[in-house]
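Okay, here's what each chain looks like letter by letter:
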Amino acid sequence: MNFKSVLDTTKQMDETDPLREFRDRFYIPKAKSGRHKIYFCGNSLGLQPKEVEKLLEEELEDWKSQAVDAHLQAKRPWLSYHEQVTTKLAKVVGAKPIEVVAMNSLTVNLHLMMVSFYAPAEGRHKILMEDKAFPSDRYAVESQIRFHDFDPHSSLIEVKARPNENCIRTEDIQKIIEEQGDDLALILLSGVQYYTGQAFEMEAITRLAQQKGIRVGFDLAHAVGNIPLELHQWDVDFAVWCSYKYLNSGPGAIAGCFVHERHARNTALKRFAGWWGHNKQKRFLMEPIFDPLPGAESWQLSNPPILSTTPLLASLGIFEEAGMKRLREKSIQLTAYLEFLIHSKLENEIDILTPQDPKQRGCQLSLQLKQKERGSEVYQQLLLKEVVCDWREPNVIRIAPTPLYNKYLEVFEFVQILKEALHR
Ligand SMILES: *Cc1c(COP(=O)(O)O)cnc(C)c1O
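What you are looking at is a predicted structure, and each value in this text was computed from that prediction instead of being measured.

Basis of the calculations
- Residues numbered from 1 in each chain as written.
- Predicted model: local features only at pLDDT ≥ 70, side-chain atom pairs only at ≥ 80, totals over all residues.
- Heavy atoms only, no water.
- Domains from an automatic or database assignment.
- Contact = heavy atoms within 4.5 Å.
- Buried area = accessible area lost by both parts, 1.4 Å probe.
- Salt bridge = Lys/Arg side-chain N within 4 Å of Asp/Glu carboxyl O.
- Polar contact = N/O pair within 3.5 Å; in protein donor to acceptor, adjacent residues only side chain to side chain.
- Core = buried A, V, L, I, M, F, W, Y, C linked by side-chain atoms within 4.5 Å.
- Buried < 20%, exposed > 50% of the residue type's maximum accessible area, 1.4 Å probe, protein only.
- Helix = DSSP H or I, 4+ residues; strand = E, 2+ residues; numbered from the N terminus.
- Pairing = 2+ DSSP bridges.
- Axes fitted to C-alpha atoms, helices over the stretch in contact; angles between N-to-C directions.
- Parallel < 35°, antiparallel > 145°, perpendicular 65-115°, else oblique.
- Nonpolar A, V, L, I, M, F, W, Y, C, P; charged D, E, K, R; others polar.
- Phe/Tyr/Trp six-rings, centres within 6.5 Å; stacked < 30°, edge-to-face > 60°.
- Lys NZ or Arg CZ within 6 Å of the ring centre and 35° of its normal.

*Asks:* What is the right way to read the domain arrangement of the protein from this model?
*Replies:* Accessible area lost on assembly of the parts is the figure often given for the size of an interface. Partitioning the protein into domains gives domain 1 (3-36 + 324-422) and domain 2 (57-320). Taking the mean C-alpha position of each, domain 1 and domain 2 sit 30 Å from one another. Taken together, the contact pairs 26 residues of domain 1 with 18 residues of domain 2. Note on domain 1 versus domain 2: buried area summed over both sides is about 1,900 Å², and carbon and sulfur give 60% of it. At the boundary of domain 1 and domain 2, one finds zero salt bridges. There are eight residue pairs in polar contact (both at pLDDT 80 or more) connecting domain 1 and domain 2.

The following block contains the structure:
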């Protein structure tokens, strides 16, 4: 196929895309030329839904005109504000409403979950995580191990990719579970690995772990709003995520947390408590004895930050309209198209670290330059050409075309720009 016919086909894919109208619901950064930038950085910070501004103004107005009375009398009463996102959030992660709560930020939630689900004892004190996990997760895990007076050298196990492979095989996780399962207290993995874009087989891993009595948690920072999740059905113990990546809820947005229903009323679980986790009917009796709510809500410490929850409310409305099923269908095609163009035009210059099997990845492809030393220069060229993407040392460019606001034409143009940059 020649350039013109590929271009025509690409435009046609955009015209027939059933989700094409959602792009208009977002602000897309403008380039100097006046055109929109090609924004492939939703894995780092999602774009702003246009509706956010209006909703935020309403909250500011309620604060201005009602002040403390807005807790009960606002259009969206602040007292129960976090409850307004629960049902929609539960849908996105495949959970029951009692199992999810929007609160804090990701790493805070990870610590709160480990307080409850990492209970090391002599003989069962190890945590399994992936090699090269996101640093914050690694710091959190090490500090939890130390907090319990164990030593990360003996208590932290990392599963690695095999030599000359980029991604981690489920069978290698299985092997560790078989060999060291009795020592493992917790398995903590990413849903989608931030660097390689690999989606772990969460259901299978959870089943293997539970046969050995190991608790299982997932960090869904790069999975939520990106791949289909069925946390309830998969039976995972807990999960945490942030909302500013694929969930488009703005910098530092309120994060999320899942605790499986089977733990909902287990008051024997140790936890750090705060008044927002206390029985709602009795919260303002100000009694000294903590009476935990049933479900994930009981892990809340403080009253929620209204102004950082509002964008999530707007964003989840869009997710509900689009539906995870349709988003995933488009996402698979959009990423497959990127993969196809790279394979056919840049095979000699680029390796793709991300698995080829769509079931084992989300929308992101991690592109590794074969000419290592040119990485940073090529990335600078992309920036000059108004492509927004992200660079990770030593030579990986992460490209995340998202089904809500990216077009096939942007994928096509990106590959052209990348090709020119590589052939300079
Ligand atoms: C983005 C990301 C985080 C960020 O943590 P915050 O607590 O939101 O700052 C943590 N873990 C992973 C895997 C991430 O991708």
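Having seen the model, we can carry on.
*Asks:* For this particular structure, what's the right way to read the nonpolar core?
*Replies:* Among soluble globular proteins, nonpolar side chains are generally buried collectively. Residues Ile173, Leu220, Leu231, Trp241, Leu247 and Leu404 are the most contacted members of the largest nonpolar core, which totals 63 residues. A per-element tally of this core places helix α11 (residues 306-322) first, with seven residues. Built from parts of two domains, this core gets at least three residues from each of domain 1 (3-36 + 324-422) and domain 2 (57-320). For Leu231, the residues in contact, after removing those within four places along its chain, are Val93, Gly94, Leu220, Val236, Ala239, Trp241, Phe258 and His260.

*Asks:* What is the right way to read the sheet that holds strand β9 (residues 238-241) from this model?
*Replies:* The strands that make up a sheet pair up through hydrogen bonds in the backbone, lying either parallel or antiparallel. Spatially, seven strands are ordered β4-β10-β9-β8-β7-β5-β6 in an open sheet, and the strand pairing comes out mixed. The sheet is open, and its two borders are formed by β4 (100-102) and β6 (156-159), each paired with just one other strand. In this sheet, neighbouring strand axes are inclined to one another by 15° on average, regardless of whether the strands run parallel or antiparallel. Inspection of the sheet shows β4 paired to strand β10 (residues 256-259) by three bridges, in the antiparallel sense. Paired with Ala102 across the two strands is Gly256, which belongs to β10.

*Asks:* What is the right way to read the packing of helix α8 (residues 170-180) against helix α9 (residues 202-211) from this model?
*Replies:* A pair of packed helices is captured by two measures, namely the crossing angle of their axes and the spacing between those axes. Look at α8 against α9: their axes get within 10 Å of each other, and the N-to-C directions meet at 10°. Considering the angle they form, α8 stands roughly parallel to α9. In this structure, α8 uses Thr170, Ile173, Gln174 and Ile177 to contact α9, whose residues at the interface are Ile205, Leu208 and Ala209. Broken down by class, the residue content of the contact of α8 with α9 amounts to five nonpolar, two polar and no charged.

*Asks:* It is not clear to me how the pairing of strand β15 (residues 396-399) should be interpreted in this structure. Could you clarify?
*Replies:* Consecutive side chains of a regular strand alternate in pointing toward one face of the sheet and then the other. Neither face of β15 is open: one carries Val396 and Arg398, the other Ile397 and Ile399, and all of them are buried. Note that strand β14 (residues 390-392) and β15 share three bridges and pair antiparallel. Bridge pairing in β15 links Trp391 to Ile397. Two successive antiparallel strands, β14 and β15, enclose a turn made up of three residues.

*Asks:* Help me understand unusual backbone geometry in this model?
*Replies:* In this chain, Glu393 is followed by Pro394 through a cis amide linkage whose omega measures 0°. Within the secondary structure, Pro394 sits in the loop between β14 and β15. The backbone of Ala67 sits at a positive phi, close to 45°, despite the residue not being glycine. Locating Ala67 in the fold gives a position in the loop between α2 (51-66) and α3 (70-73). Ala67 gets classed as partly exposed once you look at its relative accessible area, which sits at 37%. Even without a glycine there, the phi angle at Asn248 is positive, about 55°. With respect to the helices and strands, the residue Asn248 is situated in the loop between β9 and β10.

*Asks:* How do you make sense of the packing of aromatic side chains when you look at a structure like this?
*Replies:* The way to describe two aromatic rings as a pair is by their centre distance and the angle between their planes. Tallied over the entire structure, the rule returns twelve aromatic pairs. Ring geometry for Phe134 against Tyr194: centres 5.1 Å apart, planes inclined by 80°, an arrangement best described as edge-to-face. Remark: Tyr194 occurs in the loop between β7 (184-190) and α9 and Phe134 occurs in the loop between β5 (126-130) and α6 (135-147); sequence separation between them is 60 residues. Judged by relative accessible area, Phe134 falls into the partly exposed class, the value being 34%. Given the relative accessible area of 14%, Tyr194 is considered buried. Grouping aromatic residues by their ring pairs yields a cluster made of Phe26, Tyr39 and Tyr405. For the cation-ring pair, Lys50 lies above Tyr27, with the distance from its terminal atom to the ring centre recorded as 5.7 Å.

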